[in-house]
Every structure is written in C-alpha cells, then in structure tokens.
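Inside the fold
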Amino acid sequence: MLNYSRTHVLHIAVLSAVYFLAAKLGLALALVYNTVTLFWPPSGIALAALLIFGWRVFPAIAIGEFLASLTMGLPLSSLAGISCGNALEGLLGYYLLRHRFGFDEGLHTLRDVALLFVFGALLSPLVAAVNGAWWIKYAIGGSWGDYLHILQYWWMGDALGIALFTPLVLAWLRGGAIEWTKERVQRAVLVAVVLVTASLLIFSDLENRLLELGLFFPILIWVALNFNLRFTSLALTLVFVSSILGLLALGDLHADRMDVLVDYVWLYNLLFGLTAMSVAVLNGRRDRVEQALRRSEETLKRAQAVGGVGSWHFDIRKKMLEWSGETYRIFGISSDKPVNYEIFLQHVHPEDREMVDLAWRHAMKGMPYDVEHRIWADGKLKWVRERGEMTFDAHRRAVSGTGTVQDITEWKTAQEDIQRLAYYDVLTGLPNRTLLYDRLNQAVAAAHRDNDQFALMFLDLDRFKYINDTLGHQAGDEMLKVIATRLVGAVREGDTVSRLGGDEFVILLRETGAEGALYVAEKLLASVAQSFEVSGTVVSTEASVGISLYPHDGADVETLIKHADVAMYHAKAAGRNNFQFYTEQINERAMSHFNIERDLRIALEQRQLMVYYQPQIRMSDRKLIGFEALLRWNHPQNGMVPPAVFIPVAEESGLIVPVGEWVLREVCRQARVWHDQGLSPVPVAVNLSARQLNGDRLVRFMRSLLAETNLPEWTLELELTESMMLDDEKAAMQFIGEMRALGVALSIDDFGTGYSSLSHLKKLPLDKLKIDQSFVRDLAVDEDDAAIVRAIISMAHGLGLTVIAEGVENAQQMEFLEVLGCNEVQGFYYAKPMPAAEAEAFISRLH
Ligand SMILES: Nc1nc2c(ncn2[C@@H]2O[C@H](COP(=O)(O)O[C@H]3[C@@H](O)[C@H](n4cnc5c(=O)[nH]c(N)nc54)O[C@@H]3COP(=O)(O)O)[C@@H](O)[C@H]2O)c(=O)[nH]1
C-alpha cells in the first residue's frame, strides 16, 4: 500500500499542474485534429517524475493527462481511453528502464542515454500512439491511413518530448551542480549569444536554411564538452523553443508546405538531444574521473604528509627523476625545481653517499632497494628510509624504479633516546653498567684473540657523601657531571669511562699494561683533585683508584671488576687520593715507577742531577780524544740511582725531554768552563733518546744552545741508537741532516744490538760507530764475538766511519781491538765515568 503524506499530495498537485500546462503547450502546436502534436513535453516530464519519485506520482500524471484531454473536445470515452494510454506510456517506460534494465536517473553512463532513447523515447510512446490513434479513429472515424498518420505523429511527439524533457528534468533534479568560475560564466554568456543568434538566423528563415540546422551540432557538442548535463539540457531546450517559434513564424503549421519543415525540426531536435546528451554524459564521466583522480591525488598527498612518506619515480633510460610533493618537502627542496639523481645524492649526508649509491647500483641488478640514511634538508640533518622496486626489460636491464621515502627522523631520535636510556647514565651521559659490560666482553675477546692486554680501573670519589650532604643533591649531581667530563678528557678516545651509580666510575683502558695504567691513573687523580665551583661554592674532592690488568688479574669480566674493586678498597685504606694495582708485585713495580717519576721531577728542579764524563781514548797513541757524558742522579734519600733505573721511567713519562735538554745544557756549560780555563778542548758525546727526536724542538734547542754558549760545533757529538733510526726513519734523517748542517758530529751507539742494517747505515751521514760492549766483553775468548767485531770494523771502515769500542775493561781486549783495527776505545780499563772535576785532571794528563 502506498501511503501519501501531505508533502506527497502537494507533489502530486504540483506535478498535475505542470503536466497539464505542458500538455496545453503541446496541444497548442497540434497538427492533427487539435489532439496530435509533434512536440509533447508532458511525456518527458511524466517519465522523469516516475523515475525520480516512483509509482506514487502516477496519479499526478493520470490527473494532469485527463484534465488536458478534456480540452481536446473528444467524447468522454475516447478521452478516458487516451488518458489511460498516455499514462500507461510513462508507466511502461518507467518499468522498463528502472526495473528491467537498472537505469540510473543520474545519467552517468552512455548506457543510460541509450536506454532512455531506445526504451524511453522510442519504445514506450508506441503504447500511447497505438492507443491514442485508435481512440481518435473511434471518435472521429477516418481511414486506416489516417490512423497510421495519427499514430506516427503521436509517437514522434511523445518520443521527442521524452528525448528532450526527461533529461532536462532529471538533470535539474538529480544531476550535479556546475562550478561557476569567472571563465565559465564568460563561456556561458558566449554560448547563449551564439545559440540565440544562430537560432534567430536559421529558424527565422528555416525554409531556406534547412541544411544549416547542422551547424547546431558543433555548438551543442562544444556546450556539452564545456558544461554539465543541466546546462546542455537547457541549451537543447533553447534550441527546441527557438525552432518551434521559428516554425510558428513561418505560418500555419497545418499548411502542406510545413510538413517537411516540421519533420526536419522534429528530427534535428531529436538528433541534437541524442548527440549533446551523449557527449555531455561522456564529458561528465571524464570530469568525474578527473575529479576522482584529483581527489585521490589530494588524498594521497595528505596521506603522504600525515605519514611523512613521499614517493618517487625514476626513468632510468631518460634519467628523469620525479618526486611527489611530500618528497620535495622531506628533502627541503622547492617543488618547482627539477631534480635528478645527482641532486638527490648531493642532499645525502656525505658519509652515507657511497652506501646509498651502492644500494642503488645493487637495486639495478635486482636486489631490493631498502636503505636508511641521513640527508641535509633546509640545513637540518634528517633520517630517511627509502624503499623501491625496479622494473626490468626483457634483457634484465633496469628501466625504471618506483618507491617511497619516509622521514624517520623522529623514530630515529626515539630509538636513540631508548638506546641512551638503556646504555647510558642519564645524569652524566657516560656508558652505564650494561654498556660497560658489553665493552668489557668485547675487550676480553679482542685481547684474547690478539694476545694483548688491557687495564680496568675502579674509581671512587673520596668525599662525595660529605659534599652531597652539605651542599645538597643538586650540587652533588653537578659535581658528578664535572668529574665525568674530566675523566673522559683524561683518557684516549677508544677507552671507556662509565658510571655504575653513585660516585663509582669504571674505566676501561684498551691495549694498556701496568705502565700505561699507572700513567692514566695519575692523570685521573690529578684531574679529579682540581677544585671547581658548584652553586657558588668552591669545592674539591679526591679519588681512590683500583686497577686490575687483563690477563694478569683475571681472564673474565667479573673477576677483573671484582679485583679492581678490591684494589680500590686497598687504595682507600692506604690513605685516599692514590691508586693500587690488584697484584702486589705489579703494585710494587708501578709504585716504584710512580715514585721515580715523581722524584725525578723534583730532582730536575732541585739540581740533584749531574753529569759524569767517561774518557774516550785513541788507539794509535792512547791519547784522550773526547768524553761520553753520562747522567747521574744523587737521590737525597736513596743515594745514587742508576741511569738504567730512571732513564726508562723518564723516557716513558716524557721527562726525558727536559732531562735530556738539561744534560746538553750542562755539558755545554762545563765545556765553556774548561775552555775558559785554557784546557785543551775535547768533544763530548751526549746520548739522545727517541722521544727527543719528536718534532723540531731539539733542533731549535741545539741551534740556540750553540749560539748562546758560543762553542765550536764539534764540542758536541750526539749518540743515536739503531732503534731510534728505525722508529721514525724520516724524522731521524731530517734530524741528522739538520745536525750535519750545524756541524755537530753524530755517532751510532750500541751497534750490533739492533737490526744492524747495512743498507740503513749506508744512507746515514754519520761520523762514528760505537760497538756495543756486549761484543767487547768476551772478545778475547769468544770466536763469534771476535768475528762480529771484525766484521763491524771492516764494514764501518768501508763506509768511512770511525769505530769506537765501549766496555773495554782489560789489556787483552785492547790488544784484540788494536789488531782488528778499532780506532778508539772507552771503558773501565782506562777510566770509569767521573765527575767534571776529575775529568779536568784527565784532560791535562792524557791530552
Ligand atoms: N738518553 C740518555 N741516556 C743516558 C744518559 N746517560 C746515560 N744514559 C744511558 O743510560 C744507560 C746506562 O748508563 P750508565 O749506567 O752510565 O752506563 C754507561 C757506562 O757507565 C757503562 N760503561 C762504560 N765503560 C764500561 C765498562 O768498561 N764496563 C761496563 N760494565 N760498563 C761500562 O756503559 C754505559 C754507556 O753506555 P752507552 O751510552 O751505550 O755508551 C746507557 O744506556 C746510557 O746510554 C743520558 O744523558 N741520556
């Protein structure tokens, strides 16, 4: 059952009235018996109303039709019959279109246009035409020829009414609105002017311009292409009305001469409708596709922006790179700038460029392209993840690549934060226990593999609790941060300073033995002991350090940490601000090392050092030809400290540089004194250490020393060892060259103990070669030693060098050396190293 609301009743009333008026308009153009017309808009209105509102509007059509029929002047039975047939026409069209063929009243497809024309305009009017013609014949009579004539006109009128007015109503009630831009309005005005002008010109002289009717096709197609269905149907109505008015202006429509014109007008209007509607529907479809594409592009753009994901396409053959707007945004490049692979690479962080380029080249060989790298965008460092897929031709050559680029900066930062929290101490930023253990495990594995060593230190602040309690926790935190920075500054880059919590720090020193650890421990203690300001108060603290050594004190992490901890408690017990090794033996050695270094610094300042002189004798006449200067240290508590004990410590700590300079200065001072005393001058040989050869400090020192003391250059002879030459050959050659330029003599010390490379020796512009005392000691009894010494002497002579033998202790050795052709000797046989005063007497006696 159909329920009618007030609104529906109102709709029916309005529709009946519209139908009635349209019918009256159509009947005004009746061609046969005042009832049959070629132009019957009501049929189109009725079908459109049924398609939009459904069966319920059928009464409106029936009422409008019946009322209009009443004015035809036919008998009531015929009127009823005609009305029923006309109303049924609409119902048939509606049924076929909607229920049989699924017609969509939005007229979205060409199929809908075809359905409307075939079943709506051409087929369903047959019902009304067959029926209406019969009722007229029934009422008026006439031949079957007349019947067919009426049927034809009836059908034609209804068909045109449906072809033009159903789309018009559907477009205005169901179609989409048009977007009126300024340009569109201008075009609409233009087309209206063109249509009206063309209509006036053509339809006012229709008889002579029938062929020109065809001109409306391009105009209407242009309208359909530029506007929507609504506007096109309006244009068609305009042409239709113009054509009717044109016909009426030509004279009586019933006149015979009008038949052809009327038929033409009917046919052209039908074709105009069919053509323009089809084009408008196709155009609407294209517009909708474009709109959908635009919408989807917009959605994609927004989705890319929301997700921080851009896309790219690279045509490898044309070398054309295309980026989406989001990709441009991620790379910080204006989207109007063209990009290519080189520009892309320029934005990649220099350290990642090679990796990205390699990944791309691999991708072109078929491997997946999935890389995370850094880029510089707008002066900011960003992290991106790029993924892509390549397409290949039949020869497996990459032709293009398509992929995405995702801004993962935030994710990376979050990862880093997570990493930091998991592996780093929040307060100081130092590695925490987890990371320390990880690094320790790595250090154990590496040291085990390389047969190496490392040191582990446990450092505990001495007065931290006191500072925390008196100045507050904030001050304590500040202090820990300062200490952390200082500790990091005191170790090498590859070492690890970690904080286990509270005031406990653990330090891992890679590739470091006892001496290195000792050196670093001193540095750490000194750096912690420096005072600093916290919350306006100057505070100072000290630390205790425990040291364990791998592999000596433990082969695994736990043991090493435990032993460093134990050592640290010993250090605390021993009086704080000091360090202790875990093993007593190492501790003693390290402590002695530490004490020597500390005391040597004092010795240098407090003039506890002195130079002894050991004479050097010419073999041929046993005359004094020079001295070797040998450093001595008279310790206030320990007495004379042997050079073999303190020289290695001085070398390791770097003290040898100031100490060595002191020796050179002292030798020059003494030579000046002897010179001033009128003693015959002899050269003095001074030992150099490898560390003194670093840089050009010694060269500058020698220059100014000789200039200051105004001594002849030959006063000083410098002794270098073979190993010093091998350590840094270039530096040694440079130094020797500089000394030769100054006129200072150079000799090679301890010859035979090192590599004794002849090729090396050949290259060096030396004056003298000193045979090591280890070969001289058993020279008279050991044939091998004798052979070595003989070989050294003959080789040195071959190179034009003077040979001196050291450690000569008896006459037998002297004789041998003489026989072998040795030029000079030095040793206890003649004299032990002696203070300057004694050396003076020696000069007077033997010179
Ligand atoms: N870089 C510097 N090194 C120096 C300096 N002064 C000394 N040294 C080096 O210390 C090492 C030990 O020196 P020292 O204890 O002085 O021993 C020297 C002589 O006393 C010793 N010698 C000399 N004759 C004999 C002998 O007949 N028998 C014997 N048993 N020993 C003897 O030999 C040492 C001299 O060595 P060398 O320098 O190789 O000629 C030693 O390596 C010194 O070089 C210094 O100022 N700077």
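Residues numbered from 1 in each chain as written. Predicted model: local features only at pLDDT ≥ 70, side-chain atom pairs only at ≥ 80, totals over all residues. Heavy atoms only, no water.

Going by the annotation in an unreviewed UniProt entry, the name recorded for the protein is Diguanylate cyclase, with Ferrigenium kumadai given as the source organism. On record in UniProt, under Subcellular location (unreviewed entry), the comment for the protein is "Cell membrane". Regarding the protein, the UniProt comment filed under Catalytic activity (unreviewed entry) reads as follows: "3',3'-c-di-GMP + H2O = 5'-phosphoguanylyl(3'->5')guanosine + H(+)". (UniProt positions renumbered as here; feature names shortened; annotations may be inferred.)

Details of the sheet that holds strand β13 (residues 543-550)
Spatially, 5 strands are ordered β9-β10-β8-β13-β14 in an open sheet, and the strand pairing comes out mixed. Only two strands of the sheet have a single neighbouring strand rather than two, namely β9 (496-501) and β14 (579-581). Strand-to-strand twist of the sheet, defined as the mean angle between neighbouring strand axes without regard to direction, takes the value 20 degrees. Two elements, β9 and strand β10 (residues 504-509), share 5 bridges in a ladder whose sense is antiparallel. Each residue of the ladder has a partner; that of R499, found in β10, is F505. Along the sheet, helix α21 (residues 584-605) makes contact with β13 and β14, crossing β14 at roughly 140 degrees. (Pairing = 2+ DSSP bridges. Helix = DSSP H or I, 4+ residues; strand = E, 2+ residues; numbered from the N terminus. Axes fitted to C-alpha atoms, helices over the stretch in contact; angles between N-to-C directions. Contact = heavy atoms within 4.5 Å.)

A closer look at a nonpolar patch on the surface
A grouping of I63, F66, L67, L70 and L76 is seen on the molecular surface, where their side chains present a nonpolar patch of about 430 Å² in accessible area. Per-element tally for the nonpolar patch: the top contributor is helix α3 (residues 58-70), with 4 residues. The topology assignment puts F66 in helix α3. A relative accessible area of 32% means that F66 is categorised as partly exposed. (Patch = residues over 30% accessible without salt bridge, like charges linked within 9 Å, V, L, I, M, F, W, Y side chains within 5 Å. Areas by Shrake-Rupley, 256 points an atom, 1.4 Å probe, with all protein chains shown as cover. Salt bridge = Lys/Arg side-chain N within 4 Å of Asp/Glu carboxyl O. Buried < 20%, exposed > 50% of the residue type's maximum accessible area, 1.4 Å probe, protein only.)

Things to note about the packing of α21 against helix α22 (residues 643-653)
Look at α21 against α22: their axes get within 9 Å of each other, and the N-to-C directions meet at 80 degrees. In this view, α21 runs roughly perpendicular relative to α22, as classed from their interaxial angle. Where α21 abuts α22, its residues H593, I596, E597 and L600 lie against V645, F646, V649, A650, E652 and S653. (Parallel < 35°, antiparallel > 145°, perpendicular 65-115°, else oblique.)

Looking at the nonpolar core
By size, the foremost hydrophobic cluster in this structure holds 99 residues, and its most contacted members are F39, L206 and F216. Those residues in contact with F216 that lie beyond four places of it in its chain are L195, A198, S199, I202, F203, V239 and F272. Core analysis: the second largest hydrophobic core is formed by 83 residues, F646, I656, A732 and I793 among them. (Core = buried A, V, L, I, M, F, W, Y, C linked by side-chain atoms within 4.5 Å.)

Side note on helix α16 (residues 433-450)
Look at α16: 25 Å from first C-alpha to last across 18 residues, which is about the 26 Å you get at 1.5 Å a residue. Among all positions in α16, only L435, L436, Y437, L440, A443, V444, A446 and A447 are buried. Buried residues along α16 sit in contact with α15 (409-423), β8 (454-461), β9, β10, β13 and α20 (557-573). Where α16 begins, one side-chain oxygen reaches toward the backbone nitrogen of T434, 3.1 Å away; that side chain belongs to N432. (Expected span 1.5 Å × (residues − 1). Polar contact = N/O pair within 3.5 Å; in protein donor to acceptor, adjacent residues only side chain to side chain.)

Structural notes on the UniProt feature "coiled-coil region" (unreviewed entry) in the protein
Mapped onto this numbering, the UniProt entry gives "coiled-coil region" (unreviewed entry) at residues 279-306. With 100% helix and 0% strand, residues 279-306 has its two end C-alpha atoms placed 39 Å apart.

A closer look at the pairing of strand β6 (residues 380-392)
Inspection of the sheet shows strand β5 (residues 369-377) paired to β6 by 9 bridges, in the antiparallel sense. Each bridged residue has a counterpart across the sheet, and for D370 the counterpart in β6 is R387. Between β5 and β6, which pair antiparallel one after the other, the connecting turn spans 2 residues, and D378 there sits at a positive phi close to 55 degrees. Pairing geometry for β6 and strand β7 (residues 398-407), over 9 bridges, is antiparallel. Opposite T391, over in β7, you have S400 as the bridge partner. Hairpin connection from β6 to β7: 5 residues lie between these consecutive antiparallel strands, with R396 at a positive phi of about 65 degrees.

Remarks on the environment of A235
Looking at the secondary structure, you find A235 in helix α10 (residues 229-250). A C-alpha to C-alpha distance of 9.6 Å links A235 and I219, two positions 16 residues apart in sequence.

Here's the deal with the side chain of E719
Note that E719 resides in strand β19 (residues 716-721). When near neighbours in sequence (up to four residues on either side) are disregarded, E719 contacts Q616, E628, A685, V686, N687, L688, S747, D749 and K770.

Remarks on the site of the ligand
What surrounds the ligand is a group of 22 residues, the closest being E628, D750, Q773, E806 and E809. Contact distances for the ligand include 2.9 Å between an oxygen atom and a side-chain N or O atom of Q773. Considering the ligand on its own, with 810 Å² of exposed area, one finds that the protein chains cover 81% of that surface. When residues of the shell around the ligand are traced back to their parent elements, those giving at least two are β16 (624-635), α22 and β20 (745-751). Of the residues forming the shell around the ligand, the biggest block, 4 residues, is contributed by β16. Per-class residue counts for the shell around the ligand are 9 nonpolar, 6 polar and 7 charged. (Near = heavy atom within 4 Å. Nonpolar A, V, L, I, M, F, W, Y, C, P; charged D, E, K, R; others polar.)

A look at the packing of aromatic side chains
Scanning the entire structure with this criterion turns up 37 aromatic pairs. Among the aromatic residues, those joined into a ring-pair cluster are W312, F314, W323, Y328, F331, Y341, F344, W360 and Y369. Cation over ring: R396 sits above F392, and NZ or CZ is 4.3 Å from the ring centre. Sitting above the plane of the W383 ring, K412 keeps its charged end 4.3 Å from the centroid. (Phe/Tyr/Trp six-rings, centres within 6.5 Å; stacked < 30°, edge-to-face > 60°. Lys NZ or Arg CZ within 6 Å of the ring centre and 35° of its normal.)

As for the sheet that holds β7
Spatial ordering of the open sheet is given by β4-β3-β7-β6-β5, a layout of 5 strands whose pairing is antiparallel. Of all strands in the sheet, those bounded by a partner on one side alone are β4 (320-323) and β5. With direction set aside, neighbouring strand axes in the sheet form an average angle of 25 degrees. Sitting on the sheet, helix α14 (residues 350-364) touches β3 (309-315), β5, β6 and β7, and the angle it makes with β5 is about 145 degrees.

Section: the UniProt feature "transmembrane region" (unreviewed entry) in the protein
UniProt marks residues 12-33, 45-64, 76-97, 113-134, 154-173, 185-204, 234-253 and 265-284 with the feature "transmembrane region" (unreviewed entry), using the numbering shown here. Helix makes up 100% of residues 154-173 and strand 0%, and the two end C-alpha atoms of the span are 27 Å apart. End-to-end, the C-alpha atoms of residues 185-204 are 28 Å apart, and along that stretch the chain is 95% helix and 0% strand.

Regarding helix α11 (residues 258-307)
Between the first and last C-alpha of α11 there are 71 Å, a value that for 50 residues agrees with the 74 Å anticipated at 1.5 Å per step. Positive phi appears at G308, one or two residues downstream of α11, with a value of about 65 degrees.

Some words on unusual backbone geometry
Here Y550 and P551 are connected by a cis peptide whose omega angle stands at 5 degrees. Here P551 lies in the loop between β13 and α20. Within the chain, L107 stands out as a residue other than glycine whose phi angle is a positive 50 degrees. Mapped onto the fold, L107 is located in the loop between α4 (76-100) and α5 (110-123). Overall, the relative accessible area of 4% leaves L107 in the buried class.

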